Amino acid sequence: MKPSEFNHIILPMRDELLGYARSVTRSEDNAEDLVQEVMLRLWDMRERLSSEGRLKSLAMTMVRNMFLDQQRHESHSEAMPDKIDIAVDDRRAELRDETRIIRDIVAQLPPLQQQIFRMKEIEGYTAEEIMQITGCTADNLRRNLSRARTKIRETYIKIMMKGTIK
């Protein structure tokens, strides 16, 4: 189907699809989102569509199926909130521990490596800004940053390996 055929055949169906989507979703916003998604999918598959086909039936079926998929997804995500909450809380605790460990490792770096690492990775300074502030050359900056990252990675791995051996 050519874009001009799409504009002539599919686009005029939009209001009817929107009415159907409203009746299914019972929400103006959700209906609008659903129809927009269907229109995008139809546009993506326009080259495989035939202007003689049952395009209206296809579009209505797509609206219904997408709505049902959303409902299944929502009911599935509501079915396990306790497990998800526990997993999220566990992961937050792990991240806090990992952050503390990395902060301690960074504190043990030589002062210049520590400053460069913090400026680049934590505070988000650009290499040019760090070179201006510290007076380092580009090569010296790269070397110090690389050494800092390597030391952090090696020390972190050692700490984690000790924790799993216990």
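Residues numbered from 1 in each chain as written. Predicted model: local features only at pLDDT ≥ 70, side-chain atom pairs only at ≥ 80, totals over all residues. Heavy atoms only, no water.

Draft legend 1. Expanded view of the pattern of salt bridges. Under the definition given, this model contains eight salt bridges. The closest approach of N and O atoms between Asp69 and Arg72, which form a salt bridge, is 2.4 Å. Taken together, the residues span about one helical turn, with Asp69 and Arg72 both in helix H4 (residues 55–79) at a distance of three residues. Judged by its relative accessible area of 42%, Asp69 is partly exposed. (Salt bridge = Lys/Arg side-chain N within 4 Å of Asp/Glu carboxyl O. Helix = DSSP H or I, 4+ residues; strand = E, 2+ residues; numbered from the N terminus. Buried < 20%, exposed > 50% of the residue type's maximum accessible area, 1.4 Å probe, protein only.)

Draft legend 2. Summary view of the confidence of the model for the protein chain. Of all residues in the protein chain, 87% attain a pLDDT of 70 or more, and the chain-wide mean is 83. When mean pLDDT is compared element by element in the protein chain, helix H2 (residues 14–25) scores highest at 92, while helix H5 (residues 81–107) scores lowest at 73. (pLDDT = per-residue confidence, 0-100.)

Draft legend 3. Expanded view of the environment of Tyr20. Of note, Tyr20 is situated in helix H2. Given a relative accessible area of 26%, Tyr20 falls into the partly exposed group. Along the primary structure Tyr20 and Val35 are separated by 15 residues, whereas in three dimensions their C-alpha atoms are 9.4 Å apart. When residues no more than four places from it in sequence are discounted, the contact partners of Tyr20 are Met60, Val63 and Arg64. (Contact = heavy atoms within 4.5 Å.)

Draft legend 4. Seen up close, unusual backbone geometry. Even without being a glycine, Arg26 presents a positive backbone phi close to 60 degrees. In this structure, Arg26 sits in the loop between H2 and helix H3 (28–44).

Draft legend 5. Here's a closer look at the packing of helix H6 (residues 111–122) against helix H7 (residues 127–134). Look at H6 against H7: their axes get within 10 Å of each other, and the N-to-C directions meet at 145 degrees. Crossing hand, H6 versus H7: right-handed. Two secondary-structure elements touch here, H6 through Gln115, Ile116, Met119 and Lys120 and H7 through Ala127, Ile130, Ile133 and Thr134. Here the residues of the contact of H6 with H7 sort into five nonpolar, two polar and one charged. (Axes fitted to C-alpha atoms, helices over the stretch in contact; angles between N-to-C directions. Left-handed = near helix turned anticlockwise from the far one by under 90°. Nonpolar A, V, L, I, M, F, W, Y, C, P; charged D, E, K, R; others polar.)

Draft legend 6. A look at the nonpolar core. One finds Ile10, Leu17 and Leu42 to be the most contacted residues of the largest nonpolar core, which totals 22 residues. Only H2, H3 and H4 provide two or more residues apiece to this core. In terms of residues, this core owes the most to one element, H4, which gives seven residues. Once you skip the residues sitting within four places of it in the chain, Leu42 turns out to touch Phe6, Ile10, Leu49, Leu58, Ala59 and Met62. Formed by 14 residues, the second largest nonpolar core is a distinct cluster that contains Ile116, Phe117, Leu141 and Ile152. (Core = buried A, V, L, I, M, F, W, Y, C linked by side-chain atoms within 4.5 Å.)

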